[in-house]
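# Examining the three-dimensional arrangement
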Amino acid sequence: MNIPAALAFSRYATAALAAHPDERAWLDSAVEAPFDWIPAARAVDAAVVCGDAAVLATCLRALRRRLMVHTLVRDLTGRADLVEVCGNVTRLAEVAATAASALHHAALAAVHGEPRAASGQGQRLIVIGMGKLGGGELNVSSDIDLIFVYPEDGETDGGRALSNREFFDRLGRRLIGAINDVTADGYVFRVDMRLRPYGDSGPLTVPFSALEQYLITQGRSWERYAWLKARALTGERHDELAELVTPFVFRKYLDFDAYDGLRDIHRQIREQGRRRDYAPNIKLGPGGIREIEFIVQALQIVRGGREPALRTRGTLPALQAIVARGLLPESAGARLRAAYVFLRNLEHRLQYRDDRQTQTLPEAAGEREALAAAMGHGTVADFDAALAAHRAAVADQFAAVFGGDEGEGSDIAPGAPVSAQGPATPDVAALAALWRGDLATDTAVATLAAAGYHEPGELLGTLQRVHASTRYLQLPALSQKRFDAIVPQLLRVAASEPVPGTLPQTVFLRLLGLLEAVSRRSAYLALVVEHPPVLPRLAQLMGASQWATDFLMQHPILLDELLDARVLLAEPDWEIWRAELARSLADHAGDAEGQMDALRHFQHVQSFRLLAQDIAGTMTVERLADHLSALADVVLAATLAATWALLRGADAAPPRFAIVGYGKLGGKELGYASDLDLVFIYDSDDDSSPERYARLAQRIVTWLTSTTGAGHLYDTDLRLRPDGAAGLMVSSLPSFRKYQRTQAWTWEHQALTRARFVAGDAEIGRAFEQERESILRLPRDLERLRADVIEMRLRMREGHGNPGERFDLKHDPGGMVDVEFAVQFLVLAHAHAHGALTRNLGNIALLRIAGDLGLIAAPVAAAAADAYREYRRLQHQIRLTGAAHARVDPGPQAAHRAAVEALWLSVFGAPWSTERTPPAAGAA
């Protein structure tokens, strides 16, 4: 569309230029560039300085006219995007509010003096922009929603003194008139003050104390949305204002309690969407602008307390933050963004026509043709199809986030079975009556038995005890109502969602235990009530693993992760992990406690997602260990960076410091609850380096091992450092080299076979890897090496006795440790001739390499590798049950034990014997 066509489309622009024909030449000269605010600001400032309210009113209205015509022409001709358009209108509102406040404050102060607090501190009116003004996204014919506050009560210091309230009330009324009143030159903005405390019946201006009291005692759910984008446009002490408002809008943790309020707003939106008279309305109708805003704002309200990055104002920036944190899939975010831009552009074209605040599509054919052309479509049919596609995408996502109408209310809808698996779903109404105690004992027992519970009498007794417990009876009324809604659903889900190897009664008791544990936190109850699909996922997870049950009991905030199966079961991406954790820590920059909590929450979330995929059977034990090890790497790198920044400052040069992982971390065989075996190395000649890096290492260990309100992160073991527990916490690179070559024992070189650089200075990391390879490739006396390794194996056996008859997969002869020691011997004995053995590939791969090299018979290597793989699988399964030891019936493992014993015999030349006394061990 060219400039004449754009002007012809807007009857408002045509009339404005007809009344001011001299502005057409200015428009032609200025249209190629964004609006020039410098001369505009000078004109407004001059009007403020002159002190004449009429001059300012005329200036602001002329500025609006020129800005509107310039903006609509640039928009319609494709020279401006949505951000520029909204930014222009928002800046006009900011300029108008600031100028009017300044001029009228000066005029009032000249008569009454400056308003002051009791302390004598001067006071200024704070004009708060709400809604789209606060978010920087005003539409071209928008109202502006304002709230007026001031810091403290007091009075003016002039001869005709006023209370601060009266002074600011007068100032507020004058400010409204300066912007809102219609003169011969028109108006600047229509001003709406109804969002202030108590609405139209409330005072025009309030001090901070009254605002805080109102928000605490009277603030309603919809007002949290209103304040979400609030932004102070004038005045001072904005930080103090934010401290009052932020706790009202954002709760400290995930705020699923907000769903009660969300549901009411959601219902209103859906009811309006059903009304035929709203169908043509692109804001309020189905799939309209408000549904996009509600999706975004709801996620901000629920999660913004825990994730400060979500507190951004503006729909598009907030949507971007939501997608970046995985709260919506990228594809959904892209569809919502495209729909929002389309609908907002369409909204502006509806308003450009006559400078009228409307979001309703026209009915007249000529109007629709003009609108389609302004939107860049050749035909009305093409335009209608594009609009329909965008609205359908929004409506679908709205339904995906908030669900349909079934089940709305404070109870979980009974509805159809949650899953088609298993037996017929028990009657939830009967289960609810059973929980309430409305059924006779015989009937209740029969109901539970029919549902599939194997000890119905015992289960009934448990339910009765819980119902009569102090914990339940002392719950607030709303929490108790939610508890009552959830228990019958747990009974139904546990019976109708079979978990292989676990009885329904066991599943239910685990679920009930979790429910009791979280019952005092109403937000968790609300989460389950509002999201019924969580229940079958929860039943499968907890039914399959006692360890998962215990983990959830310790970290119930992770229930949130069950809401979106797409995110829960997505393949981990280590680089995304790094970026996500970096963002989270940046949100708490300078706050050690906040960063420690952020680390814990991140590690718990990622571990839980891996656990869900593990239980779902989508990941092998080896792949899981890779991910858990990578997760530890990411956490260690982030912890190192954060602690160094706190010790030395955010702008300090990176430390010449590296973290080396040994044991399961080094070998990438980490489990869910594994310790981290760590060694710290630095490389610096500075005399202060030992002390500085010792402090850094101590801080890292403290951050890893401390228990905070967010829970625990990792246990660490530093005993593999030079000289063990008696040695220094950190080692210089030269001293590490010297120790490994002159003082290290054989078992320390065994440990080195599974060591790797995990975080810190990459140059030190490369130097460590080179030194590790050099040490492993040293020629050794094979007999002495064999004796040392066997002696260490015997010592380990003595320290891990097994008094029972069951086979300990890890420590008993023929178990995992035998494989590990055999591999370590092969590496130390033969790496001098075969460098491939120094690669940290894991025991199974190293056995294959040894077999290929002919160091042991290939069939022996393959059988031992198969045994080790099966042992790891069984060990992992057992640990998921929460058992302290991985011990099994020895019969089925006889063949695997024989394969490992054959490996031991092949490597050491003698069978495993706890009676054997090897030669005395010496240093390497």
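Structure first, text after, so check above.
A quick note: this is a predicted structure, and the numbers were derived from the prediction, not measured. (Residues numbered from 1 in each chain as written. Predicted model: local features only at pLDDT ≥ 70, side-chain atom pairs only at ≥ 80, totals over all residues. Heavy atoms only, no water.)

With that settled, the discussion passes to the overall build of the protein chain. What the protein chain contains, in helices and strands, is 40 helices and 14 strands. Overall, the C-alpha framework of the protein chain stretches about 110 × 80 × 65 Å when taken along its three principal axes. Put simply, the protein chain has 924 residues, and 54% of those count as buried. Taking the intrachain contacts of the protein chain between residues at least 6 apart in sequence as the baseline, contacts between residues at least 24 apart amount to 74%. (Helix = DSSP H or I, 4+ residues; strand = E, 2+ residues; numbered from the N terminus. Buried < 20%, exposed > 50% of the residue type's maximum accessible area, 1.4 Å probe, protein only. Contact = heavy atoms within 4.5 Å.)

Attention now goes to the packing of aromatic side chains. What the rule picks out here adds up to 22 aromatic pairs. Measuring from centroid to centroid gives 5.1 Å for W547 and F551, while their planes differ by 10°, and the two rings are stacked. Of this pair, W547 and F551 both sit in helix α26 (residues 546-554), 4 residues apart, roughly one helical turn. Look at F736 and F768: their rings are 5.7 Å apart centre to centre, the planes differ by 55°, and that puts the pair in the tilted class. With F736 in helix α33 (residues 733-742) and F768 in helix α35 (residues 762-776), the pair connects residues that are 32 residues apart, well separated along the chain. On the basis of relative accessible area, F736 is assigned to the buried category, the value being 1%. By relative accessible area, F768 is classed as buried at 1%. An aromatic cluster is defined as three or more aromatic residues linked by ring pairs; in this entry it consists of W644, F657, F680, Y682 and Y693. Taking NZ or CZ as reference, R64 lies 5.0 Å from the ring centre of Y187, over its face. In this structure, R353 is placed above the aromatic ring of F9, and the distance from its NZ or CZ to the ring centre is 4.9 Å. (Phe/Tyr/Trp six-rings, centres within 6.5 Å; stacked < 30°, edge-to-face > 60°. Lys NZ or Arg CZ within 6 Å of the ring centre and 35° of its normal.)

So, on to the pattern of salt bridges. Taken as a whole, this structure holds 50 salt bridges when the rule is applied. A salt bridge links E166 to R173; the nearest nitrogen and oxygen atoms lie 3.9 Å apart. By relative accessible area, R173 is classed as partly exposed at 47%. The shortest N-O distance in the salt bridge between D761 and R656 comes to 3.1 Å. One end of the pair, D761, is in the loop between β12 (756-760) and α35; the other, R656, is in the loop between α30 (621-648) and β8 (657-662), and 105 residues separate them in sequence. For D761, a relative accessible area of 16% gives the class buried. Judged by its relative accessible area of 24%, R656 is partly exposed. (Salt bridge = Lys/Arg side-chain N within 4 Å of Asp/Glu carboxyl O.)

Here the focus is the environment of N88. Relative to the helices and strands, N88 resides in helix α6 (residues 82-112). Between the C-alpha atom of N88 and that of F35, which follows or precedes it by 53 residues, the distance is 7.8 Å. Not counting chain neighbours up to four residues away, the residues in contact with N88 comprise F35, W37, L67 and T71.

Where helix α22 (residues 477-496) contacts helix α25 (residues 534-544), the two axes come as close as 10 Å, and the packing angle between them is 55°. Taken together, the axis directions place α22 and α25 in an arrangement best described as oblique. Judged by the twist between their axes, the crossing of α22 over α25 is right-handed. Packed against α22, whose contacting residues are Q489, L490 and V493, the element α25 presents L535, P536 and A539 at the interface. Its residues assigned to classes, the contact of α22 with α25 shows 5 nonpolar, 1 polar and no charged. (Axes fitted to C-alpha atoms, helices over the stretch in contact; angles between N-to-C directions. Parallel < 35°, antiparallel > 145°, perpendicular 65-115°, else oblique. Left-handed = near helix turned anticlockwise from the far one by under 90°. Nonpolar A, V, L, I, M, F, W, Y, C, P; charged D, E, K, R; others polar.)

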